[in-house]
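# Coordinates in review
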Amino acid sequence: MNFIKKITGIALFIGVLSTINAQQTPTFTEYNYNPFIINAAYAGSTTNPELSISNNGTFNQFEGSPKSFSLSGHGAINQKKVGLGAGIIRDEIGVTTNTSFFAAYSYKIYFDFESSRPYWQLYEPGVLSFGITAGVQQYQNSLTQLGIVGDPNFAQDINATIPTIGLGVLFNHASFYVGFSTPNILGDTLASDDSLNLNSPYYSYFGYRFFNNRFQGLMIKPNILLKYEDGAPLQADINIAVSFRNKFEIGTGYRTSNAINFLAGIYLFNNIRAIYNYNLTTNDSPLGNTHGFILSYQFGKGYQIK
């Protein structure tokens, strides 16, 4: 067994006494470019239906280091009042694997606020959206691969099925947005394995869009995401990106006690958006830095208005 993989798996369980605690849920780097992953209320918020795929950590050099993958899609019906979507999220770290499948529904209330908007990009002037998800999470922990003997907590593998229900709310304006969500309000209440102790994270986020058509279509987008999970310190993602008429953008950010983020993106053929991100760790973690990408396709006119 690879030494790093063993160390990674053991570190996840330091402090465990009588129960096995699930891994901490990831803070998704791609939440700015696919908010649907963390908030069902975003379903149907784009101008046209959208499909997204993302991956982080695949090229990490150490076996057992964190990896995540997501595939999702969403769109609107009923004159954009209703949003529907579905997704798959898979996370791996050490000997632990989490795979979630979910379907989402959202309902929107529109407000007609006057606001100056860039001619090259449209936003709904004011939308209050409520969302709900229903799904199932498959949690697998191959503890016996760690080779720890004499400790009953590591004597057998865990394979649990967990029904999930998530809630979210989002207010989106031409100039700003604010949201709150949690992917599973049930926690481990209905888990098939009683030894599992699963905490559900809570996300809140806010972003602002600065633009002025006199500056040739530049948009500056600062934002912050806060994640709270019982048993873990409050985590914040603070980011800023600069976009040019939905043709290309660059950005950077800081994740508290964890990493500095860098990203670069380009919009291709009106309908495709490709984002590359690089997370530079700021602590002494042996897992190293990570690469990731987000690839999205929006139907119809896509991301380009003109």
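Residues numbered from 1 in each chain as written. Predicted model: local features only at pLDDT ≥ 70, side-chain atom pairs only at ≥ 80, totals over all residues. Heavy atoms only, no water.

Another aspect to go through is the nonpolar core. Of all hydrophobic cores here, the largest spans 16 residues; its most connected members are Phe 36, Ile 38, Leu 170, Tyr 205 and Leu 225. When residues of this core are traced back to their parent elements, those giving at least two are β5 (96–110) and β10 (202–208). Residues in contact with Leu 170, not counting those within four places in the same chain, are Asn 39, Ala 41, Tyr 42, Ser 45, Val 127, Leu 128, Ser 129, Val 178, Gly 179 and Tyr 205. In this structure, Tyr 139, Ile 158, Ala 160 and Ile 162 belong to the second largest nonpolar core, which totals five residues. (Core = buried A, V, L, I, M, F, W, Y, C linked by side-chain atoms within 4.5 Å. Buried < 20%, exposed > 50% of the residue type's maximum accessible area, 1.4 Å probe, protein only. Helix = DSSP H or I, 4+ residues; strand = E, 2+ residues; numbered from the N terminus. Contact = heavy atoms within 4.5 Å.)

Let's shift gears to the side chain of Asn 98. With respect to the element layout, Asn 98 can be found in strand β5. A relative accessible area of 7% places Asn 98 in the buried class. Engagement of the side chain of Asn 98 in a polar contact is seen with the side chain of Gln 137, the distance being 2.6 Å. (Polar contact = N/O pair within 3.5 Å; in protein donor to acceptor, adjacent residues only side chain to side chain.)

This part covers the pairing of strand β14 (residues 248–255). Side chains Glu 249, Gly 251, Gly 253 and Arg 255 project from β14 onto a buried face, and the interleaved Phe 248, Ile 250, Thr 252 and Tyr 254 project onto a face without burial. Of the pairings in the sheet, the one linking strand β13 (residues 235–244) to β14 comprises eight bridges and is antiparallel in character. Residue pairing across strands places Asn 239 opposite Gly 253, the latter belonging to β14. As paired strands, β14 and strand β15 (residues 259–268) are joined by eight bridges and run antiparallel to one another. (Pairing = 2+ DSSP bridges.)

The backbone of Gln 79 sits at a positive phi, close to 60°, despite the residue not being glycine. Its place among the elements puts Gln 79 in the loop between β3 (67–77) and β4 (82–93). According to the relative accessible area criterion, Gln 79 is exposed, its value standing at 69%. Positive phi is not limited to glycine here, since Phe 269 has a value of about 55°. Take Phe 269: its relative accessible area is 70%, and that puts it in the exposed class.

A few words on the packing of aromatic side chains. Remark: the centre distance and the inter-plane angle together describe each pair of aromatic rings, the angle taken between the planes. Counting across every chain of the model gives 10 aromatic pairs. Summarising the aromatic geometry, the rings of Tyr 297 and Phe 299 are spaced 5.0 Å apart at their centres and angled 85° between planes, so their arrangement reads as edge-to-face. Residue classification places Tyr 297 among the partly exposed positions, given a relative accessible area of 34%. Residue classification places Phe 299 among the partly exposed positions, given a relative accessible area of 37%. Pairwise contacts between aromatic rings join Phe 111, Phe 171, Phe 176 and Phe 206 into one cluster. (Phe/Tyr/Trp six-rings, centres within 6.5 Å; stacked < 30°, edge-to-face > 60°.)

This model, assessed by the stated rule, comprises five salt bridges. Among the salt bridges present, the one from Arg 255 reaches Asp 237, with a minimum N-O distance of 2.7 Å. Pair noted here: Arg 255 is in strand β14 and Asp 237 is in strand β13, with a separation of 18 residues, a long-range link. The class for Arg 255 is buried, based on a relative accessible area of 7%. (Salt bridge = Lys/Arg side-chain N within 4 Å of Asp/Glu carboxyl O.)

The quantities given are spatial measurements derived from coordinates; they are silent on function.
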